[in-house]
Amino acid sequence: MAKVTPILMKMGGSVVTYREKPLAANVKAIEGVARSIAAFGHPVVIIHGGGSFGHYYAEMFGVSTTPKIISPEAASKIHAAMLQLNLIITDILAKCGVPSYTVPPIELIDGEDVTESGRSILADLLKLRISPITFGDVLPSKRGFFILSGDVITRALAEALRPSRVVFSIDVDGIYPVGSQLENMILELDSKVDLKLAPGKGADVTGGMALKIQESFKIAKHGIDVFFVNGLKPERVLKALKGQRVYGTRIRGTKSGG
Ligand code: IP8
């Protein structure tokens with residue numbers, strides 16, 4: 001079987017859930033993204049965020065990206081909420097013609113990098129033409145539980161798989177400079193620029209927009225293009241998957257020294 005160069009797609013928590021409503025999946029938005037992936041016609045490596053499932057309990061129990069001793073019940077609730085959201089998403093993906101296979105991050109990641117066995121699982125799934133799907137989660141460590149963001153996982157997967165491009169679907173049209181008006185969306189960014197980062201709208205336990213941009217700059221430094229598009233507009237998601245011109249923010253991949 002030939003090696004498959006994948007596309008990575010982060011389904012933002014603010015797209016797949018209603019951020020203000022605890023434990024409420026945005027079924028219509030998930031269907032829109034799922035149909036775009038189906039129309040794209042190739043397996044995509046999917047990562048989804050926590051939205052009002054994982055973040056709801058993570059905030060309730062005061063868990064963050066720094067390991068902390070929390071009750072086993074708390075860790076169990078956060079993880080279960082993520083599994084529940086994952087099941088809703090994979091169910092909709094299947095109904096829209098996108099067969100997927102869930103690989104929880106604990107089977108893929110060690111520290112902040114993809115393990116050898118994780119790479120091999122992903123390579124096999126892609127060769128078998130099924131979309132691997134994973135998600136931000138609460139993970140155990142020697143110093144307690146911590147939240148690993150889907151944005152960090154997306155960066156780790158990009159470094160391991162070297163995809164043709166990475167698409168972040170978010171609930172706005174693209175990236176905006178801090179404090180700017182909506183008409184000032186940035187169309188194209190170079191990963192070498194020194195962008196002022198602020199958590200921005202909908203900041204959560206993992207860092208919101210600032211973390212997404214930070215991780216995408218790391219991805220772009222490997223020469224991989226990163227697109228930020230409105231995940232509530234399926235036609236834009238499809239264009240971004242295809243690498244076509246699309247209304248959104250493109251972070252141009254630039255190899256260091258180039
Ligand atoms: O929404 C966080 O993932 P993210 C996952 O991708 C949890 O940052 C459990 C809050």
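Check the entry above for the structure.
Fair warning: this is a prediction, and the values are worked out from it, not measured in the lab.

S.K.: What exactly am I supposed to notice about the pattern of salt bridges here?
M.R.: It is possible for side chains bearing opposite charge to pair when their charged atoms get close. Scanning the model with the defined rule gives 14 salt bridges in all. Between Arg155 and Glu112 there is a salt bridge, with the nearest N and O atoms lying 3.4 Å from each other. Placement of the pair is Arg155 in helix H6 (residues 150–161) and Glu112 in the loop between strand E4 (109–110) and strand E5 (113–114), with a sequence separation of 43 residues. Overall, the relative accessible area of 4% leaves Arg155 in the buried class. Residue Arg252 pairs with Glu188 through a salt bridge whose shortest N-O separation is 2.4 Å. Pair noted here: Arg252 is in strand E12 (residues 249–252) and Glu188 is in strand E10 (residues 188–190), with a separation of 64 residues, a long-range link.

S.K.: Help me out: how do you make sense of the nonpolar core in this one?
M.R.: In terms of nonpolar packing, the biggest core is built from 43 residues, with Met9, Met11, Ile37, Ile78, Ile89, Leu93 and Leu241 touching the most fellow members. Sequence-distant contacts of Ile89, that is, excluding residues within four places in its chain, are made with Met11, Val16, Ile30, His48 and Ile133. In this structure, Leu8, Val103, Leu108 and Ala156 belong to the second largest nonpolar core, which totals 37 residues.

S.K.: What am I meant to see in the packing of helix H2 (residues 27–40) against helix H4 (residues 72–95) here?
M.R.: Working note: a packed helix pair is described by the angle between its axes plus the distance between those axes. Between H2 and H4, the least distance of the axes is 9 Å, while the angle of their chain directions is 50°. With respect to H4, the axis of H2 lies oblique. In this structure, H2 crosses over H4, and the sense of that crossing is right-handed. Contacts between H2 and H4 involve Val27, Ile30, Glu31, Ala34 and Ile37 from the first element and Ile88, Ile89, Ile92 and Leu93 from the second. In terms of residue class, the contact of H2 with H4 is built from 8 nonpolar, no polar and 1 charged.

S.K.: How should I be thinking about unusual backbone geometry in this particular structure?
M.R.: Glycine aside, residues mostly have negative phi angles, and peptide bonds mostly take the trans form. The phi angle at Leu23 is positive, at roughly 55°, despite the residue not being glycine. Secondary-structure assignment places Leu23 in the loop between helix H1 (13–16) and H2.

S.K.: Would you take a moment to explain the pairing of strand E11 (residues 225–230) for this structure?
M.R.: Along any regular strand, the residues point their side chains to alternate faces of the sheet. A large share of E11 lies buried, amounting to 6 of its 6 residues. Burial along E11 is two-sided: Asp225, Phe227 and Val229 and Val226, Phe228 and Asn230, pointing in opposite directions, are all buried. Bridge count for strand E9 (residues 165–170) against E11 is 6 bridges, and the pairing is parallel. Of the residues in E11, the one forming a bridge with Ile170 is Asn230. Relative to E12, E11 runs antiparallel, the two being bridged by 3 bridges. Across the sheet, residue Phe228 finds its bridge partner in E12, namely Thr249.

S.K.: Is there a simple way to think about a nonpolar patch on the surface in this case?
M.R.: On the surface, Leu23, Tyr56 and Met60 cluster together into a nonpolar patch covering about 250 Å² of accessible area. Summarising the element assignment, Tyr56 is placed in helix H3 (residues 51–60).

S.K.: What am I meant to see in the layout of surface pockets here?
M.R.: Using a probe with the size of a water molecule, rolled over the atoms, empty space left in the structure can be pinpointed. Put simply, the second largest pocket is a space of about 240 Å³. Lining the second largest pocket are Leu187, Glu188, Phe227, Gly243, Gln244, Arg245, Val246, Tyr247, Gly248, Thr249 and Arg250. Looking at side-chain class alone, the lining of the second largest pocket contains 4 nonpolar, 4 polar and 3 charged residues.

S.K.: Teacher, can you tell me more about the packing of aromatic side chains here?
M.R.: Aromatic ring pairs: the centre-centre distance and the angle between the two ring planes describe each pair. Counted under the stated rule, the structure contains 3 aromatic pairs. Between Phe168 and Phe228, the ring centres sit 4.9 Å apart and the planes meet at 5°, which makes this aromatic pair stacked. Of the two residues, Phe168 sits in strand E9 while Phe228 sits in strand E11, which places them 60 residues apart along the sequence. With a relative accessible area of 0%, Phe228 lands in the buried category. By the ring-pair criterion, three or more aromatic residues cluster together here, those being Tyr56, Tyr57 and Phe61. Directly above the ring of Tyr18 sits Lys21, whose terminal nitrogen or CZ lies 4.8 Å from the centroid.

Calculation notes
Residues numbered from 1 in each chain as written. Predicted model: local features only at pLDDT ≥ 70, side-chain atom pairs only at ≥ 80, totals over all residues. Heavy atoms only, no water. Salt bridge = Lys/Arg side-chain N within 4 Å of Asp/Glu carboxyl O. Helix = DSSP H or I, 4+ residues; strand = E, 2+ residues; numbered from the N terminus. Buried < 20%, exposed > 50% of the residue type's maximum accessible area, 1.4 Å probe, protein only. Core = buried A, V, L, I, M, F, W, Y, C linked by side-chain atoms within 4.5 Å. Contact = heavy atoms within 4.5 Å. Axes fitted to C-alpha atoms, helices over the stretch in contact; angles between N-to-C directions. Parallel < 35°, antiparallel > 145°, perpendicular 65-115°, else oblique. Left-handed = near helix turned anticlockwise from the far one by under 90°. Nonpolar A, V, L, I, M, F, W, Y, C, P; charged D, E, K, R; others polar. Pairing = 2+ DSSP bridges. Patch = residues over 30% accessible without salt bridge, like charges linked within 9 Å, V, L, I, M, F, W, Y side chains within 5 Å. Areas by Shrake-Rupley, 256 points an atom, 1.4 Å probe, with all protein chains shown as cover. 1 Å grid on protein atoms, 1.4 Å probe; cavity = no way out; pocket = protein on both sides within 12 Å on 5 of 7 lines; lining within 4 Å. Points joined across faces, edges and corners; volume = space filled by probe spheres on them. Phe/Tyr/Trp six-rings, centres within 6.5 Å; stacked < 30°, edge-to-face > 60°. Lys NZ or Arg CZ within 6 Å of the ring centre and 35° of its normal.

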